[in-house]
Amino acid sequence: MDLTMRIDIITIFPKMFEPVLNESIMRRAQAKGKVKFFIHDLRDYTSDKHRKVDDRVFGGGSGMLMRPEPIFNAIAKLKRQAKVILLSPQGKKLDQKIVKRLSKEKNLILICGHYEGVDERVREKLVDEEISIGDYVLTGGELPAMVLVDSLVRLIPGVLGDKNSLNFESFEGNLLEHPHYTRPANFRRMKVPEVLLSGDHQKIEAWRKKEALKRTKQRRPDLLNSK
Ligand code: SAM
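Residues numbered from 1 in each chain as written. Predicted model: local features only at pLDDT ≥ 70, side-chain atom pairs only at ≥ 80, totals over all residues. Heavy atoms only, no water.

A.B. asks: Whenever I open this one, the site of the ligand confuses me. Can you help?
C.D. replies: Taken together, 20 residues lie near the ligand, and Leu87, Gln90, Gly113, Tyr136 and Leu138 sit nearest. In this structure, Leu87 approaches the ligand through a main-chain N or O atom, which is 2.6 Å from an oxygen atom. Counting only elements with at least two residues in the shell around the ligand, the list comes to β5 (83-93) and β7 (129-132). For the shell around the ligand, the leading source of residues is β5, giving 4 residues. Taken together, the residues of the shell around the ligand break down into 9 nonpolar, 10 polar and 1 charged. (Near = heavy atom within 4 Å. Polar contact = N/O pair within 3.5 Å; in protein donor to acceptor, adjacent residues only side chain to side chain. Helix = DSSP H or I, 4+ residues; strand = E, 2+ residues; numbered from the N terminus. Nonpolar A, V, L, I, M, F, W, Y, C, P; charged D, E, K, R; others polar.)

A.B. asks: Even after reading the chapter, I still don't get the domain arrangement of the protein chain, so can you show me in this structure?
C.D. replies: How big an interface is tends to be expressed through the accessible area that disappears when the partners come together. Here the domain parsing of the protein chain yields domain 1 (5-153) and domain 2 (170-224). Measuring from the centre of the C-alpha atoms in domain 1 to the corresponding centre in domain 2 gives 37 Å. (Domains from an automatic or database assignment.)

A.B. asks: Mind showing me how you'd approach the environment of Phe17 here?
C.D. replies: Its place among the elements puts Phe17 in helix α1 (residues 17-21). Classification of Phe17 as buried rests on a relative accessible area of 1%. Through-space distance from the C-alpha of Phe17 to that of Glu142 is 7.7 Å; in sequence the pair is 125 residues apart. (Buried < 20%, exposed > 50% of the residue type's maximum accessible area, 1.4 Å probe, protein only.)

Quick look at the structure:
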């Protein structure tokens, strides 16, 4: 069985992905064969000599829009039972539940918009899901695509070294994670809570649960009521 996830990204700025996908966990995930990235320059799917990817908006108004033709061409060339995701401020807001669901997909195609966005026919005919990374507007879909990729690749089994780091992190069980400390135990007269130095794992566990709950109530009470 092929356990490798394949992610195709369609963009007009392919170089933006090089530094991010070739460092740290993303680089290791590829080296371990857990994920393969294919970055496609949308201009390669144009048919005019100027390799034009945008055009004026019908009905008037300022700004340009991404033309449908190159995106349709790119998807036709790539589609291999993949889920097609458009990065869009109008999409579902990304959260850990969506990340978990998408991390189980084998093939994803991400479309990065620019200008005023993409022609509506792209949404209607090609896109399975629209994802937003938050209620603000960026200039392009590249950074959102990188956020999405980073968040889901780390959940692919075997990508992170220590499995436990996934079990106890924020948003698991609708909680934020408890506070952490490292050496030294006394730093500029600021002391690490005694219980963490006690070696009593049950007590440590109880303290962590209590702190996680306290922190969630203070910072994100909405999480406690979410499904
Ligand atoms: N005119 C669009 C609107 O008002 O909904 C905004 C277009 S935005 C300037 C250009 C592109 O950036 C979008 O097509 C999308 O791909 C990307 N983008 C911007 N903000 C985003 C967000 N919060 N989440 C995901 N993608 C975003």
